[in-house]
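Below, each chain spelled out in residue letters.
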Amino acid sequence: MAAVSVAPASVPSAPPKEAIDGKLLPGEHTLPASWWKSEKIFELEKRAIFNKSWMYCIHESRFKKAGDYFSFTVSGINFFIIKSKVDGQLKAFHNVCRHRAYPVIRKEKGSSTIIGCKYHGWSYNSDGQLTKAPHFEQVEGFKKEENSLFPIKCHTQKESGLVFVNFSNEENVPDFDEWFTGLNQEMTEFDFTDYEYHMSYELDGQFNWKTLMDGYQECYHCPTAHPGLSTAFKMETYKVVPKGRYCRHYAEVVKEEIEIPDDDADADEESSWFGFGKKKSAAAAEAAAEAERKMKAKKENPGGEFNGLWVYLFPNHGINCYSPAWYSIRVLPLSPNHTILQYDIYTKKGLAEDKKKEFVDFLQLVELEDFNLCQLTQKNLDQGVYNSGYLHPTKERGVLHYQGIVRDMVKEHYELESKAGKPINPAFVGGNSINESVKELDEICSNLECGSGEGDKGLDW
Ligand code: FES
Ligand SMILES: [Fe+2]
């Protein structure tokens, strides 16, 4: 399986040539089917992957004023992101009251610079600091400053405005730029400021999160499963290029009736078929505008409108930028065979309503086709007949790549837990009030949980 490379992209705006001329590397097998249905593997994946990865949540343009917030659940963890009144930054907090753990936010979105818990009335400001704890003024030893909401690492990518979180509380958590080396530069190719939020929708899938990612990470299935998409893009040009913890997808748009500008007409990173929505230098802009006028004059194929910057972000997100709109897909695992798919669509400012609808219809058709593939695939993975399949070395390179990261992170964490003799949850915060007595009671619980079954050699924590 391909090793994880975190080297920055050297040619970010066009697919590199295949590394091997003529001959292909041998293929590799998928991870075993048990990894798509085991409750224990699922829980291990949460600790090994989701609770220590940088994960995309939302675009910063959704936050207009101080106090605007959005709540999320990822990998079973409830949290919210709020625009701070103190410094205007976006900040993330666990949606857990420090008193008795009631959720302090109970709506999907809202706006308030004071977060009041509706259980016993504790209040926090938009920086997560406890400002009020009724009747605790007289309590000996109680310190408000030690009872702020638990913060979560939050990063807004300045090139795009995409907002990410990382649940890990471990030391040596890679910072965002290190985690996604090369991504910042890649995202400068698309002008996110020219787009505004349009709509969201959700699909409720009876399948493992990886079932969806498997399909997302290749277009080998497109000619058979996406007839519409296959008329819009030249499927033989579809490439998934691994770039460390993200992959870029490339495909050449079909413009049969359109004269495609000569490759040399303007600079590499500023022309190509990804021209729409991109930032251009003044010199190249004129040439590109002329080429674009030509295209528009002749264009009949609606697929010709779509030019992409498509990125898979490990572990479970996709950012797909076209000219009329960009959208994100968030693949949210609930159990081994239950996953919520969330789509947020942002359309180009000023885009006509019928064009928005055309884009949404196009997107929803393709996504539904993928959804149906996953539903039936998972049923067969659950049967216990199939175990592993042979993947194509180039057509399914993206699948090999991301499954390789999953395998490596899970194996590494499994070894850590085996050595420790207990589960290690990087997202655990615990707080500062744990005393010896609480620790002792915790030990009793973990001994009971870990020691189940005589002669049990498995990781039955
Ligand atoms: S749980 Fe929030 S105030 Fe008691
Ligand atoms: Fe698909």
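Use the structure listed above.
If you're wondering where the values come from, they're calculated on a predicted model, not measured in any experiment.

## With respect to the overall build of the chain
Counting secondary structure elements, the chain contains ten helices and 19 strands. Among the 461 residues that make up the chain, the fraction classed as buried is 39%. A fraction of 67% describes how many contacts in the chain between residues 6 or more apart in sequence connect residues 24 or more apart.

## Observations regarding the sheet that holds strand β17 (residues 325-335)
The seven strands are arranged β12-β18-β17-β16-β15-β14-β13 in an open sheet whose pairing can be described as antiparallel. In this open sheet, the two edge strands, each paired with only one partner strand, are β12 (195-205) and β13 (233-242). On average, adjacent strands in this sheet sit at an angle of 15° to one another, irrespective of strand direction. Bridge count for β13 against strand β14 (residues 246-253) is six bridges, and the pairing is antiparallel. Bridged to Val 240 within β14 is His 249. Sheet strands in contact with helix α4 (residues 209-216) are β12, β15 (309-313), β16 (317-321), β17 and β18 (338-348), and its direction is about 150° off that of β17.

## Re the sheet that holds strand β7 (residues 114-116)
Taken in spatial order, the three strands make up an open sheet running β7-β8-β9, and their pairing is antiparallel. Each edge of the open sheet is held by one strand with a lone partner, namely β7 and β9 (130-132). With direction set aside, neighbouring strand axes in the sheet form an average angle of 35°.

## Thoughts on the pairing of strand β4 (residues 77-83)
For β4, a buried count of five out of seven residues is recorded, marking the element as mostly surrounded by other parts of the structure. Remark: two residues form the turn of the hairpin made by strand β3 (residues 68-74) and β4, two consecutive strands paired antiparallel; Ser 75 in that turn has positive phi of roughly 55°. Here β4 pairs with strand β5 (residues 90-94) via five bridges, running antiparallel. Bridge pairing in β5 links Lys 83 to Leu 90. As consecutive antiparallel partners, β4 and β5 are separated by six residues, and within that stretch Gly 88 has a phi angle of approximately 75°, a positive value.

## Description of the nonpolar core
Ranked by internal contacts, the top residues of the largest apolar core, which has 87 residues, are Cys 57, Phe 80, Ile 81, Val 165 and Trp 326. For this core, the element with the highest residue contribution is β17, accounting for six residues. Both domain 1 (28-51 + 191-254 + 301-406) and domain 2 (55-179) contribute no fewer than three residues apiece to this core. Discounting residues that sit within four places of it in the chain, Ile 81 has contacts with Cys 57, Ile 58, Tyr 69, Phe 70, Leu 90, Lys 91, Ala 92, Cys 154 and Val 163.

## A word on the environment of Lys 83
Mapped onto the elements, Lys 83 comes out in strand β4. Residue class for Lys 83 comes out buried when judged on the 22 C-beta atoms lying within 10 Å of it. It is 9.1 Å that separates the C-alpha atoms of Lys 83 and Ser 111, two residues lying 28 residues apart in sequence. When sequence neighbours within four positions are dropped, the list of residues in contact with Lys 83 reads Phe 63, Lys 65, Ala 66, Gly 67, Asp 68, Gly 88 and Leu 90.

## Some details on the packing of helix α1 (residues 39-48) against helix α9 (residues 397-420)
Packing of α1 against α9 leaves a shortest axis separation of 9 Å and a crossing angle of 90°. Overall, the two elements α1 and α9 adopt an arrangement that is roughly perpendicular. In contact with Leu 44, Glu 45, Arg 47 and Ala 48 of α1, α9 contributes Met 409, Val 410, His 413 and Tyr 414. Across the contact of α1 with α9, the residue classes break down as five nonpolar, one polar and two charged.

## Comments concerning the packing of α4 against helix α8 (residues 353-383)
Packing of α4 against α8 leaves a shortest axis separation of 9 Å and a crossing angle of 130°. When the axes of α4 and α8 are compared, the pair comes out oblique. The chirality of how α4 crosses α8 is right-handed. For the pair formed by α4 and α8, the contact residues are Thr 211, Leu 212 and Gly 215 on the first element and Asp 370, Leu 373, Cys 374, Thr 377 and Gln 378 on the second. Partitioned by chemical class, the residues of the contact of α4 with α8 number three nonpolar, four polar and one charged.

## Some thoughts on α8
Helical periodicity: at 3.6 residues per turn, an α-helix aligns residues three or four positions apart in one direction. The terminal C-alpha atoms of α8, which comprises 31 residues, lie 45 Å apart, in line with the 45 Å expected from a rise of 1.5 Å per residue. Buried residues of α8: Phe 359, Phe 362, Asp 370, Cys 374, Gln 378 and Leu 381, and no others. Looking at the packing, one finds that the buried side of α8 touches β12, α4, β17 and β18. Count one or two residues on from α8 and you reach Gly 384, which has phi positive near 85°.

## Regarding α1
The buried count for α1 comes to seven of ten residues, which makes it a mostly enclosed element. Within α1, the full set of buried residues consists of Ile 41, Phe 42, Leu 44, Glu 45, Lys 46, Arg 47 and Ala 48. In this structure, the buried residues of α1 make contact with β17 and α9.

Cut-off values and rules
- Residue positions within a chain follow its written sequence, with the count starting from 1.
- Working convention: letters from A go to chains and numbers from 1 go to ligands, in the order in which they are written.
- Side-chain atom pairs in this predicted model are given and counted only at pLDDT of 80 or more, local residue features only at pLDDT of at least 70, and totals for whole chains, interfaces and linings cover all residues.
- Only DSSP runs of H or I with at least four residues qualify as helices, and only runs of E with at least two residues qualify as strands; both kinds are numbered from the N terminus onward.
- Once C-beta atoms are placed from the backbone, each residue is buried if 20 or more other C-beta atoms lie within 10 Å of its own, exposed if 12 or fewer, and partly exposed for counts between those two.
- For every residue pair, C-beta atoms are placed from the backbone, and the pair is scored as a contact if these atoms sit within 7 Å.
- At least two bridges found by DSSP between two strands is the condition for calling them paired.
- Throughout, an axis means a line fitted to C-alpha atoms (over the contacting stretch in the case of helices), and angles, computed between N-to-C directions, take values from 0 to 180 degrees.
- One nonpolar core equals one set of buried Ala, Val, Leu, Ile, Met, Phe, Trp, Tyr and Cys residues connected by C-beta atoms within 7 Å.
- Delimitation of the domains relies on an automatic or database domain assignment.
- Should an angle fall under 35 degrees it is called roughly parallel, over 145 degrees roughly antiparallel, and 65 to 115 degrees roughly perpendicular, with every other angle called oblique.
- Residue polarity follows a fixed list, in which Ala, Val, Leu, Ile, Met, Phe, Trp, Tyr, Cys and Pro are nonpolar, Asp, Glu, Lys and Arg are charged, and the others, Gly among them, are polar.
- Left-handed describes a crossing whose near helix is turned anticlockwise from the far helix by less than a right angle; the clockwise case is right-handed.
- A helix is expected to span 1.5 Å for every residue after the first.

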